[in-house]
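As a plain string of letters, each chain reads:
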Amino acid sequence: MKHFAGRIKYWGIWNEPNIGFFMGTADRYREVLEAAHAAAKEADPNCVVLFGGTAGFGFDFIEEVCSKGNARKCFDILNVHDYPPFPEGNYYLELRDATRLARRLGKKEVWVTETGRGAFGDQQAAFLARAFLISLTLRNKGVNRVFWYQMFYDPREAMGLLFENGRRRRSFYAYKTLTHLLEGARWAGTARTRGGPAKGRVFALRYRTRNS
């Protein structure tokens, strides 16, 4: 890691260690995490170490890793990968639970370094907007980064924001519109429907800017 000191600031220790990408146990991952953290901080005390992004929220795995040794002191950010199905309420509750776990483990931030949906047209664009908007409602609880997977279209997964030739998909424009409208905005609350056939099932997220 000394070779990258000063050039790479963020280190994610493994990828989805709670499933087949890591063949060992939670105890074995703890050993890897502790050793990698020590090496990274020795090479660059100012670097930032991320828990290996778990597939799904992986609460049981994270808690097992952090139940022994110094594991909870060996990462700065709790990192998860999630490709949430709807209804949105389930995703919100799990992400909220991730922030609560992160606080118990040492008041850490939560990053979602992979999220996405393999879909086409308006369906993928709508998913992107909904997933990011829900994540933003928990920013004051510590959800500080959300990364879309992936940039370029892969026919096996269909998650990219751009086609292979660089042509923009509708999800790209959804992301562009979100970042433009929400720049400098803060979540101001949620308004739910109160009557009619949609009672309690449709809601709007409200944001405020400096001028509103």
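For clarity, every value in this text was computed on a predicted model and none was experimentally measured.

Here is what the cut-offs are and how they apply
Residues numbered from 1 in each chain as written. Predicted model: local features only at pLDDT ≥ 70, side-chain atom pairs only at ≥ 80, totals over all residues. Heavy atoms only, no water. Core = buried A, V, L, I, M, F, W, Y, C linked by side-chain atoms within 4.5 Å. Buried < 20%, exposed > 50% of the residue type's maximum accessible area, 1.4 Å probe, protein only. Helix = DSSP H or I, 4+ residues; strand = E, 2+ residues; numbered from the N terminus. Contact = heavy atoms within 4.5 Å. Polar contact = N/O pair within 3.5 Å; in protein donor to acceptor, adjacent residues only side chain to side chain. Salt bridge = Lys/Arg side-chain N within 4 Å of Asp/Glu carboxyl O. Pairing = 2+ DSSP bridges. Axes fitted to C-alpha atoms, helices over the stretch in contact; angles between N-to-C directions. Phe/Tyr/Trp six-rings, centres within 6.5 Å; stacked < 30°, edge-to-face > 60°.

(A) Representation of the nonpolar core. Counting residues in hydrophobic clusters, the biggest one holds 32 residues, and the most contacted among them are Tyr29, Leu33, Phe51, Val65, Phe75 and Leu78. For this core, the secondary structure elements donating two or more residues are β1 (10–15), α1 (26–43), β2 (48–55), α2 (59–65), β3 (77–81), α3 (88–104) and β4 (109–115). For valine 65, the residues in contact, after removing those within four places along its chain, are Ala26, Tyr29, Arg30, Leu33, Phe51 and Ala71.

(B) Representation of the side chain of asparagine 79 in the model. By secondary structure assignment, the location of asparagine 79 is in strand β3. Relative accessible area serves as the criterion here: at 5%, asparagine 79 is assigned to the buried category. For asparagine 79, the side chain forms a polar contact with the main-chain oxygen of phenylalanine 51, separated by 3.2 Å. Setting aside anything within four residues of it in sequence, one finds asparagine 79 in contact with Leu50, Phe51, Gly52, Gly53, Thr54, Trp111 and Thr113.

(C) Representation of the pattern of salt bridges within the structure. The tally for this structure, following the rule as stated, stands at 8 salt bridges. When the shortest N-O distance is used, the salt bridge between glutamate 31 and arginine 28 registers 2.7 Å. Residue glutamate 31 and its partner arginine 28 are both found in helix α1; the two are separated by 3 residues, about one turn of the helix. Within this structure, Asp27, Arg30 and Lys68 form a network of salt bridges that share partners.

(D) The sheet that holds strand β5 (residues 143–148), seen in detail. With parallel pairing, 5 strands are arranged side by side in an open sheet as β1-β2-β3-β4-β5. The open sheet has two edge strands, β1 and β5, and neither has a second partner. Going from strand to strand, the sheet's axes swing by 25° on average, the running direction of each strand aside. The sheet contact formed by β4 and β5 spans 4 bridges and is parallel. When the sheet's bridge partners are listed, valine 112 is paired in β5 with valine 146. Taken strand by strand, α1 contacts β1 and β2, and its axis lies near 160° from that of β1. Along the sheet, helix α4 (residues 121–136) makes contact with β4 and β5, crossing β5 at roughly 165°.

(E) Region of the structure containing unusual backbone geometry. Of note, the amide linkage connecting tyrosine 149 to glutamine 150 takes the cis form, showing an omega dihedral of 15°. Mapped onto the elements of the fold, glutamine 150 is located in the loop between β5 and α5 (170–182).

(F) How the structure looks around the environment of leucine 50. Looking at where leucine 50 falls in the secondary structure, it is placed in strand β2. Taking relative accessible area as the criterion, leucine 50 reaches 5% and is therefore assigned buried. Along the sequence, leucine 50 and serine 67 sit 17 residues apart, while their C-alpha atoms lie 17 Å from each other. Contacts of leucine 50, omitting those with residues within four sequence positions, involve Tyr10, Trp11, Gly12, Ile13, Phe75, Ile77, Asn79, Trp111 and Thr113.

(G) The arrangement of the packing of aromatic side chains in detail. The final tally for this structure, using the stated rule, is 18 aromatic pairs. Pairing tyrosine 10 with tryptophan 111 gives two aromatic rings, centres 5.4 Å apart and planes at 45°, and the pair type is tilted. With tyrosine 10 in strand β1 and tryptophan 111 in strand β4, the pair connects residues that are 101 residues apart, well separated along the chain. Judged by centre distance (5.2 Å) and plane angle (80°), the ring pair of phenylalanine 51 and phenylalanine 75 falls under edge-to-face. Of the two residues, phenylalanine 51 is situated in strand β2 and phenylalanine 75 in the loop between α2 and β3; the sequence distance between them amounts to 24 residues. Clustering of aromatic rings is evident, with ring pairs tying together Trp14, Phe22, Tyr29, Phe51, Phe61 and Phe75.

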